[in-house]
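Residues per chain are reported as follows:
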Amino acid sequence: MYTFRNVSIDDIDFKSIYIKISSEAIFVNLLTNYTAIYDDSMKFFGRNGISHQKEPYIDNGRELEEYRKKLGKFTILNKTANVSVLKSDAYGCIIKLTVII
């Protein structure tokens, strides 16, 4: 497992980038406060995908909502990657990549 903190890519600041490699897949999570990645996925990924709201939960007496948008499969370096984006008041935005090896 690898974790990189405070990384900037194309004017987007990521609080952390988490990478886990197994014999079957590579998992990458990119965490940022920049929620426009979720809101305008067409601009960033070229597709809107299927979105749904997870059940809200309570944290310190405050109701927090979480949304997930499945963007589907992409080809990255000749490998298939499943991509989804999550958005929440609690953490901002997470881009989740699962690359099948």
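Along each chain, residues carry numbers from 1 onward, in the same order as the chain's sequence is written. A pLDDT threshold of at least 70 governs which residues receive local features in this predicted model, and a stricter bar of 80 or more applies before side-chain atom pairs are shown or counted, although totals over entire chains, interfaces and linings include all residues. No hydrogens and no water enter the side-chain calculation; it runs on all heavy atoms of the structure.

J.: Tell me about the overall build of the protein, and name the residues and values.
T.: Assigned secondary structure in the protein consists of two helices and seven strands. The order of helices and strands in the protein, counted from the N terminus, is β-β-β-α-α-β-β-β-β. As defined in this context, the radius of gyration uses C-alpha atoms, and a globule is described by 2.2 Å times the residue total to the power 0.38. Expected size for 101 residues packed as a compact globule is a radius of gyration near 13 Å; at 14 Å, the protein falls within 12% of this value. Contacts: residue pairs with any heavy atoms within 4.5 Å of one another. Intrachain contacts of the protein at a sequence separation of at least 6 include 36% that bridge at least 24 residues. When the accessible surface of the protein is totalled, it reaches about 6,800 Å², and 50% of it is carbon and sulfur. Between the averaged position of the 14 positive side-chain charges in the protein and that of its 12 negative side-chain charges there is a distance of 8 Å. Strands are runs of DSSP state E lasting at least 2 residues, helices are runs of H or I lasting at least 4, and numbering of each runs from the N terminus. Calculation of accessible area relied on Shrake-Rupley with a 1.4 Å probe; when residues are assessed, cover is drawn exclusively from the protein chains displayed. We count Lys and Arg on the positive side and Asp and Glu on the negative side, and we leave His and both chain ends out. A charged residue contributes its charge at one atom only: NZ of Lys, CZ of Arg, CG of Asp or CD of Glu.

J.: Pulling in residues and values, what's your account of the pattern of salt bridges?
T.: Salt bridge, as used here: a side-chain nitrogen of Lys or Arg that lies within 4 Å of a carboxyl oxygen of Asp or Glu. Overall, the coordinates contain two salt bridges when judged by the stated rule. Across the pair K54 and E66 runs a salt bridge, and its minimum N-O distance is 3.6 Å. Of this pair, K54 sits in strand β4 (residues 50–59) while E66 sits in strand β5 (residues 62–76), and the two are 12 residues apart along the sequence.

J.: Report on the pairing of strand β7 (residues 92–100), specifying residues and quantitative values.
T.: We treat two strands as partners when DSSP finds at least two bridges between them. Bridge count for strand β3 (residues 25–32) against β7 is eight bridges, and the pairing is antiparallel. By the bridge assignment, V28 is partnered in β7 with L97. Pairing analysis gives eight bridges linking strand β6 (residues 79–88) to β7, with the strands arranged antiparallel. Each bridged residue has a counterpart across the sheet, and for L86 the counterpart in β7 is I94.

J.: Got a sec to walk through the packing of aromatic side chains? Specific residues and values, please.
T.: Note on ring pairs: Phe, Tyr and Trp rings are taken, using the six-membered ring of Trp, and paired if centres are within 6.5 Å. Classes follow the plane angle, with under 30 degrees stacked, over 60 edge-to-face and the rest tilted. For the structure on display, the rule yields three aromatic pairs. Each ring, one from Y38 and one from Y67, has its centre 6.3 Å from the other, and the planes form 45 degrees; the classification is tilted. Here the residue Y38 occupies a position in helix α1 (residues 36–39), and Y67 occupies one in strand β5, the gap between them amounting to 29 residues. In this structure Y38 comes out as buried when scored by relative accessible area, which is 8%. Here Y67 falls in the partly exposed class, since its relative accessible area comes to 24%. Any Lys NZ or Arg CZ that is within 6 Å of a ring centre and within 35 degrees of that ring's normal is treated as a charge sitting over the ring. The positively charged end of R47 is found above the aromatic ring belonging to F74, 3.9 Å away from the centroid. One residue, K69, lies across the ring of Y38, its end atom 4.6 Å from the ring centre. Per-residue accessibility, obtained with a 1.4 Å probe over protein chains only, is compared with the maximum for each type, and a residue is labelled buried under 20%, exposed over 50%, and partly exposed between these values.

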